[in-house]
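# A structural walkthrough
Single-letter residue listing:
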Amino acid sequence: MTVVTVGVHIVDILTRPVSHIPEGQDTVLVDQIRLTAAGSAAGTAVDLVRLGHEVVSLGAIGDDELGDFLLMIMSRHGVDVSGLRRRTGEQTSASILPIRPDGGRPSFHVPGANLSVTFADLDPEVIRSAKAVHLGGMDVTFGLGDPAFFALLDEVRAGGTIVTMDLLSEMPDLLQMAKAFLPHVDYVLPNEEQAKIMAGVDDAEQAAALLGPNVIVTLGGRGSLVNGEIVPALPVEVSDTTGCGDAYCAGFITGLLRGDDVLEAARLGTAAAAQVATGLGSDAGDLEGLK
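What comes next concerns the included structure. Here the structure is a predicted model, which is why all the values come from computation and not from measurement. (Residues numbered from 1 in each chain as written. Predicted model: local features only at pLDDT ≥ 70, side-chain atom pairs only at ≥ 80, totals over all residues. Heavy atoms only, no water.)

## Some words on the packing of aromatic side chains
Note the threshold: A pair of Phe, Tyr and Trp rings is counted when the ring centres sit within 6.5 Å of each other, with Trp represented by its six-membered ring. The angle between the planes then sorts it: under 30 degrees is stacked, over 60 is edge-to-face, the rest tilted. Working definition: helices are DSSP H or I runs of at least four residues, strands are E runs of at least two. Numbering for both runs from the N terminus. Remark: exposure states derive from per-residue accessible area (1.4 Å probe, protein chains only) relative to the maximum for the residue type, with buried under 20%, exposed over 50%, and partly exposed in between.
This structure, assessed with the given rule, holds four aromatic pairs. Note on Phe 119 and Phe 149: the rings are 5.9 Å apart at their centroids and 35 degrees apart in plane angle, and the pair reads as tilted. Linking Phe 119 in the loop between strand S7 (108-110) and helix H3 (124-128) with Phe 149 in helix H4 (residues 147-158), this pair joins segments that are 30 residues apart in sequence. Residue Phe 119 is classed as buried on the basis of its relative accessible area, which comes to 19%. With a relative accessible area of 0%, Phe 149 lands in the buried category. Taken together, a centroid distance of 4.9 Å and an interplanar angle of 90 degrees make the contact between Phe 150 and Phe 181 edge-to-face.

See the structure below:
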């Protein structure tokens, strides 16, 4: 397999445009409501398939209707979901996102089964078969901070596999735990706030320098910070920013796998994020045109 994604799997329920929450039991008409596969493992997996890769996604979901949907929609996109473990009595992680007219995305979130993922849920042979491994949300999949998993990541990296990591939360305690992964990955792709919290500073460039040379800091509408250089975001009409970080990761990994240098890989990530921003949900836009 080309890529394995490991970590957070979420069902997103999105609607737009939402300028306010109605009072009492009032109804507000909206233009669109969608359900999508999301989260920093599932959303990235879907985008990687759209960019031409074979992908296996590993993690945990509930034995519920949301889990049924997540398996169905990821399979429909072409992701191999045979490695997802189902938890009896646990809920599949889900978010409700009322998207503002400007594309902003406040959320209501249930962490669900993502919190229960452990190294025992992963198939080491699947990970050993990958050209790239993407770790999505290691700050909330507490059970993966396991020395046995770190050893496996070191093993596959020594064999030439690229290992990348994205984060999910902006909670200081969780992000500090995720720092344990830094010696065991090739590239980390936090957003600006995550990078500053992890480094304990108020400046993104300083945070990147403190965290290490292989930290790519995404800056939202300003682009991304790569080795001290800003890769600017592309001008698009933004409908929804949900999943832009996942798309950036998918494009960045695609660039690395085709032999691009880090800056060129970041430009492909930027293009993928821009496409996703043009529609509703993490699977929006025309990523196939970027292959």
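Still more ground to cover, so stick around.
## Some thoughts on the sheet that holds S7
Strands in a sheet are paired, the pairing made by backbone hydrogen bonds, and the direction either parallel or antiparallel. Put simply, the rule reads: Strands are treated as partners if at least two bridges between them are detected by DSSP. Note on method: axes are straight lines fitted to C-alpha atoms, helices fitted across the in-contact stretch only, with angles between N-to-C directions ranging 0 to 180 degrees. Only heavy atoms enter the contact rule, under which two residues are in contact if any of them lie within 4.5 Å.
Reading across the sheet, the four strands line up as S3-S2-S6-S7 and stay open at both edges, with mixed pairing between neighbours. Looking at the sheet topology across the chains shown, the edges are occupied by strand S3 (32-38) and S7. Across the sheet, the mean angle separating the axes of adjacent strands is 15 degrees when strand polarity is ignored. Bridge count between strand S6 (residues 94-98) and S7: three bridges; the pairing is antiparallel. Bridge pairing in S7 places Ala 94 opposite Val 110. Sheet strands touched by helix H2 (residues 65-77): strand S2 (10-16), S3 and S6. Its angle to S3, the strand with the most contacts, is close to 80 degrees.

## With respect to the layout of surface pockets
What counts, and what does not: Here a cavity denotes a set of grid points, spaced 1 Å apart and computed over the protein atoms alone, in which a 1.4 Å probe fits but from which it cannot get out, and a pocket denotes an open set meeting protein on both sides within 12 Å along at least five of seven lines; residues with an atom within 4 Å of a point are reported as lining. Grid points are joined across faces, edges and corners, and a volume is the space filled by probe spheres set on the points. Each residue gets one of three labels, nonpolar for Ala, Val, Leu, Ile, Met, Phe, Trp, Tyr, Cys and Pro, charged for Asp, Glu, Lys and Arg, and polar for the others, Gly among them.
One number sums up the size of the second largest pocket: a volume of about 180 Å³. In this structure, the second largest pocket is lined by 14 residues; those nearest its centre are Thr 15, Val 18, Pro 22, Val 30 and Pro 98. For the lining of the second largest pocket, the element with the most residues is S6, which contributes three residues. Classifying every residue of the lining of the second largest pocket gives ten nonpolar, three polar and one charged.

## Some remarks on the nonpolar core
Just so we agree on the cut-off: We call a set of buried Ala, Val, Leu, Ile, Met, Phe, Trp, Tyr and Cys residues a nonpolar core when their side-chain atoms join them within 4.5 Å.
One finds Met 74, Val 79, Tyr 248 and Phe 252 to be the most contacted residues of the largest nonpolar core, which totals 43 residues. A total of eight residues in this core trace back to one element, the largest contributor, which is helix H8 (residues 244-257). Each residue touching Tyr 248, except ones within four places of it in the same chain, is listed here: Leu 189, Ile 216, Thr 218, Ser 224, Val 226, Ala 266, Gly 269, Thr 270 and Ala 273. Core analysis: the second largest hydrophobic core is formed by 41 residues, Ala 60, Met 165, Ala 195 and Ala 207 among them.

## A few points about the packing of helix H1 (residues 42-50) against H8
Counted only if it meets this: Angles below 35 degrees are treated as roughly parallel, those above 145 as roughly antiparallel, those between 65 and 115 as roughly perpendicular, and all remaining angles as oblique. Crossings are sorted by hand: turned counterclockwise from the far helix by less than a right angle, the near helix makes the crossing left-handed, and turned clockwise it makes it right-handed.
As a packed pair, H1 and H8 sit with axes 8 Å apart at the nearest point and diverge in direction by 45 degrees. Classed by the angle they form, the pair H1 and H8 counts as oblique. In terms of crossing hand, the pair formed by H1 and H8 is right-handed. Here Gly 43, Thr 44, Asp 47 and Leu 48 of H1 lie close against H8, whose contacting residues are Asp 246, Ala 247, Cys 249, Ala 250, Ile 253 and Thr 254. Partitioned by chemical class, the residues of the contact of H1 with H8 number five nonpolar, three polar and two charged.

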